[in-house]
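Topology and contacts: notes
Each chain is listed here by its residues.
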Amino acid sequence: QVQLVESGGGLVQAGGSLKLSCVASGTIFSINRMGWFRQAPGKQRELVASMITGDPANYADSVKGRFTISRDNAKNTVLLQMDSLKPEDTAVYYCDADVHSDRWSVNTRYWGQGTQVTVSS
């Protein structure tokens, strides 16, 4: 019913920047929350940043001051601007969203396919 597609990942040197984009499409009435998670090899998936409609952004302590999340609700899009990247930021980054497909539906969580971010030293 809903698809999330990420883009913008790639290879960058330490100290550099990348901007990730995620676009939701399909049967969407509203999106309550959009966010980004990441998972490095051998590690658990962890929250990077998220935004609930009408609330301030939430960030993991490890990325505060370096990453910025933003949403364009009209376009069902969430962005993640990543600055001052470190090798430990290397991971697959996943977009997720809590979606209402119609006026009376309950919230459903969807995930994107992931995009690889690699930061070299």
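Scroll up to find the structure.
Below or above, wherever it landed, is the structure these notes cover.

What counts, and where the lines are drawn
- Residues numbered from 1 in each chain as written.
- Predicted model: local features only at pLDDT ≥ 70, side-chain atom pairs only at ≥ 80, totals over all residues.
- Heavy atoms only, no water.
- Helix = DSSP H or I, 4+ residues; strand = E, 2+ residues; numbered from the N terminus.
- Buried < 20%, exposed > 50% of the residue type's maximum accessible area, 1.4 Å probe, protein only.
- Contact = heavy atoms within 4.5 Å.

1. What about unusual backbone geometry?
You will see that Asn-76, though not glycine, has its phi angle at about 50°, which is positive. For Asn-76, the position within the fold is in the loop between β7 (67-72) and β8 (77-82). Given the relative accessible area of 22%, Asn-76 is considered partly exposed. Despite not being glycine, Ser-84 shows a phi value in the positive range, around 50°. Tracing the backbone shows Ser-84 in the loop between β8 and β9 (91-100). Take Ser-84: its relative accessible area is 41%, and that puts it in the partly exposed class.

2. Let's talk about the environment of Ala-60
The topology assignment puts Ala-60 in the loop between β6 (58-59) and β7. For Ala-60, a relative accessible area of 18% corresponds to the buried category. Considered as a pair, Ala-60 and Phe-37 are 23 residues apart in the sequence and their alpha carbons are 9.8 Å apart. The contact partners of Ala-60, leaving out residues within four places of it in the chain, are Leu-47 and Val-48.

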